[in-house]
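If you want the building blocks of each chain, they are given just below.
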Amino acid sequence: MHRVSGLLVMLLLAGAHLAPVGGLAQEGGDHLQVVASFSILADVARNVAGDAADVTALMPLNADPHSFVPAPRDLVALAEADVVLTVGASFEEGMAVSVANAGEDVNVVVASACVAILPFGDAAAHGDDAAHEEAAHEDDAAHADDSEIAALCATHKAELAALVGEAADAPQDAAPLGRLYTLDCGEAHEAGGCDPHVWTDPDNVMLWTMMVRDTLSALDPDHAAAYADNATAYLEALNALVNEEIAPAVSTIPEASRKLVTNHAALGYFAHRFGFEVVGLVIPGASTLAEPSAAEVAGLIDAIRAEGVPAVFAETTANPDLAWRIAEETGVPFYTLYTGSLGEPDGPAGTYLDYMRHNVRTFVAALGGTVQ
Ligand SMILES: [Zn+2]
């Protein structure tokens, strides 16, 4: 049985471990049935699948991914899927058991397996030695482990480097804990643990794209050429998004204003990639499933004043009341970001590319950048 427990236990790749997809013509037409855990991963998968495979998102739009628990109809979708794509790193907290029980014929692939996972919380701010030591272990593990996943991640890392060049090694204020496939993220969300919000750095979405491409191609070799072409086009679009839109827009924000106070720890990878400092979080921890103490709220208000943080950001997938009250208390404006979900298809964040554009426009407006 193929299942996900803890981290990545099963990453099924390159044919050898993928359950054969038999009887496609009999069930659900002749298309591969792909279920992604949430809307952003589903959008990436659709860009790779094109017309050749059917992709659905398990979580509805605007659900909080941390707390989402599948309904009975979702269990049916899981059981009927040829492959289930997850973020991993304990992101899908509420659906891990259901995915694990999806059935023997369901392949589960962790899209972030090759992503360099950042710690969240205080460890990120301090860039401490422990993190650097763990990063060193990453290479050891990769060298010691000649498994298929290590080899696959090495090829994806090289493909990414060829696409994005030096930008892949941008600001290193916090050293990664390691590539996800080398880590056991567990279920705890204490400071220094795995931050699962990898997609706010488009480079990581490029790694997702490669993983989806190789997974779909292994399961459905007849359409491998289409998946490869679609992935190439999407990788180019992601790279252009960074170089032609995000980086120029961020460059208009004064450096002293590149400070974020967000509702929960959803923007760590964006901050790391584009040189922002996460000054504080309304909800402590990597998940939304916690509540701040009165002392933590008071500490955040002090930090906003002391650091001159220009704005507070709430998010569409969580109750904004506390973030709004903190903004009001500190006299700074309040904005809403898309974090754990895309918006409606015809709205401003209906795709991942538009989601990033919307959030970057919001940062530019909130933090004193120049609208271009
Ligand atoms: Zn989250």
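Everything that follows concerns the structure shown earlier in this document.
Residues numbered from 1 in each chain as written. Predicted model: local features only at pLDDT ≥ 70, side-chain atom pairs only at ≥ 80, totals over all residues. Heavy atoms only, no water.

Read across the sheet, four strands follow the order β2-β1-β3-β4 without closing on themselves; strand pairing throughout is parallel. The sheet terminates laterally at β2 (53-57) and β4 (107-110), the two strands that pair on one side only. Between one strand axis and the next, the sheet turns by 25° as a mean value, whatever way the strands run. In this structure, strand β1 (residues 32-36) lies alongside strand β3 (residues 83-86), joined through three bridges in parallel fashion. Residue pairing in the sheet places Val-35 in a bridge with Val-84 of β3. The strands touched by helix α1 (residues 39-49) within the sheet are β1, β2 and β3, with β2 carrying the most contacts at an inclination of about 170°. (Pairing = 2+ DSSP bridges. Helix = DSSP H or I, 4+ residues; strand = E, 2+ residues; numbered from the N terminus. Axes fitted to C-alpha atoms, helices over the stretch in contact; angles between N-to-C directions. Contact = heavy atoms within 4.5 Å.)

Turning to the coordination of the zinc ion, a few remarks are in order. Within the protein, the zinc ion binds to His-66 (NE2), His-197 (NE2) and His-264 (NE2); these donor distances fall in the range 1.9 to 2.0 Å. Positions of the donor residues of the zinc ion, expressed as sequence spacing, correspond to H-x130-H-x66-H. Here His-66, found in the loop between β2 and α2 (72-80), pairs with His-197, found in the loop between β6 (178-179) and α7 (202-219); they are 131 residues apart in sequence, far enough to count as distant. For His-66, a relative accessible area of 2% puts it in the buried group. (Donors = N, O, S within 2.8 Å, 3.2 Å for Na, K, Ca; no water. Buried < 20%, exposed > 50% of the residue type's maximum accessible area, 1.4 Å probe, protein only.)

Turning our eyes to something else, we now look at the pairing of β4. Side chains Asn-107 and Val-109 project from β4 onto one buried face, and the interleaved Val-108 and Val-110 project onto a second face that is buried too. Alignment of β3 against β4, held across four bridges, turns out to be parallel. Of the residues in β4, the one forming a bridge with Val-83 is Asn-107.

Time to look at the packing of aromatic side chains. Enumeration over the complete set of coordinates arrives at twelve aromatic pairs. Ring geometry for Phe-38 against Trp-208: centres 6.4 Å apart, planes inclined by 80°, an arrangement best described as edge-to-face. A residue pair is termed long-range when its members are at least 10 positions apart, and Phe-38 in the loop between β1 and α1 and Trp-208 in helix α7 qualify at 170 residues. Summarising the burial analysis for this pair, Phe-38 and Trp-208 share the class buried. Three or more aromatic residues joined by ring pairs make a cluster, and in this case those are Phe-270, Phe-274, Phe-276, Phe-313, Tyr-335 and Phe-363. In this arrangement the basic side chain of Arg-273 is found over the ring face of Phe-274, its NZ or CZ atom lying 4.9 Å from the centre. (Phe/Tyr/Trp six-rings, centres within 6.5 Å; stacked < 30°, edge-to-face > 60°. Lys NZ or Arg CZ within 6 Å of the ring centre and 35° of its normal.)

A few words on helix α12 (residues 352-366). For α12, which comprises 15 residues, the first-to-last C-alpha distance of 21 Å matches the rise-based estimate of 21 Å (1.5 Å per residue) to within 8%. Most of α12 is tucked away, with eleven of its 15 residues classed as buried. Within α12 the residues assigned to the buried category are Tyr-352, Leu-353, Tyr-355, Met-356, His-358, Asn-359, Val-360, Thr-362, Phe-363, Val-364 and Ala-366. (Expected span 1.5 Å × (residues − 1).)

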